[in-house]
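Fold and geometry: a report
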Amino acid sequence: MTQSLTIGEDDVLLVVDVQNDFCPGGRLAVPRGDEVVPIVNRLAQRFRNVILTQDWHPCGHRSFASAHAGRKPFETIALAYGSQILWPDHCVQGTVGAEFRKDLEIPHAALVLRKGFRPTIDSYSAFFENDRTTPTGLSGYLRERALKRIFLVGLAFDFCVRFSAEDAHRLGFDAIVVEDACRGIDVEGSVAATQRSLADLGVSLIDAAALG
């Protein structure tokens, strides 16, 4: 039997990128991404502290394949900050695709953290841009509010959830990924690689049932 975890005042639910473009019918749909919504809604009711992240790209973002002549989505190129997978245009500022799912019902979320808004750099993690040095400010927010344990859910498991969990751990937070409240894209085995990486770091992977 899975032992239930008790949610406390210094715990926070980090809901990663549950947006239209990452769900079926979207520009960068995560397979079965919509399935996380009811699970996330139920979990959010258990937490006093909830943060939402929102991918928020300008038109012509450098991570878009359309910004590079002759390139196609899911090819990899070298940018100033390192290797970058090229994506279909997605989560463009002010578009329906960038909006949160309408069935995501978390009115008590205290913070919406937008990322990926710098035109020349992508941002998977909720903590740092992809140069791995430019902070989003989330770490400072969490420390100011004395939030120490982070439960991560959302999309996509093998990119934005993964990078956020890894950074949370490295910054000294207790990071826990609720795996059945996530879905992955799985580019060239990235889901299995994520599971290995998180396990190697000691980041816990749990099911929502462990939260009661």
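Everything below is about the structure shown above.
This write-up is about the structure you can find in this document. (Residues numbered from 1 in each chain as written. Predicted model: local features only at pLDDT ≥ 70, side-chain atom pairs only at ≥ 80, totals over all residues. Heavy atoms only, no water.)

What to know about the pattern of salt bridges
The following threshold applies: A pairing counts as a salt bridge when a side-chain nitrogen of Lys or Arg comes within 4 Å of a carboxyl oxygen of Asp or Glu. Each helix corresponds to a stretch of at least 4 residues labelled H or I by DSSP, and each strand to a stretch of at least 2 residues labelled E; elements are numbered beginning at the N terminus. Using a 1.4 Å probe on the protein chains alone, a residue whose accessible area is under 20% of its type maximum counts as buried, one over 50% counts as exposed, and one in between counts as partly exposed.
Scanning the entire structure with this criterion turns up 13 salt bridges. In this structure, Arg-170 engages Glu-166 in a salt bridge whose closest nitrogen and oxygen atoms are separated by 4.0 Å. Here Arg-170 and its partner Glu-166 are both found in helix α3 (residues 157-170), 4 residues apart, which amounts to about one turn of the helix. Under the relative-accessibility criterion, Glu-166 is labelled buried at 6%.

Structural notes on the packing of aromatic side chains
Selection rule: Working definition: rings of Phe, Tyr and Trp (its six-membered ring) pair if their centres are within 6.5 Å, and the pair is stacked with planes under 30 degrees apart, edge-to-face with planes over 60 apart, and tilted otherwise. We call a charge positioned above a ring when the Lys NZ or Arg CZ atom is no farther than 6 Å from the ring centre and deviates by at most 35 degrees from the ring normal.
For the coordinates displayed, the defined rule picks out 7 aromatic pairs. With a centroid separation of 5.2 Å and 90° between ring planes, the pair formed by Trp-87 and Phe-159 is classed as edge-to-face. Taken as a pair, Trp-87 in the loop between β4 (82-85) and β5 (111-115) and Phe-159 in helix α3 lie far apart in primary sequence, 72 residues in all. Of the two residues, Trp-87 and Phe-159, both sit in the buried class. Positioned above the aromatic ring of Trp-56, the side-chain terminus of Arg-114 is 3.6 Å from the ring centre.

Let's talk about unusual backbone geometry
Phi is mostly negative for residues that are not glycine, and the peptide bonds are mostly trans. The residue after Leu-155, namely Ala-156, is reached through a cis peptide bond having omega -15°. Along the chain, Ala-156 falls in the loop between β6 (149-155) and α3. Non-glycine residue Arg-32 carries a positive phi angle of around 60°. With respect to the helices, strands and loops of the structure, Arg-32 is situated in the loop between β1 (11-16) and α1 (36-44). Located in the positive-phi region is Glu-188, a residue other than glycine, with phi close to 50°.

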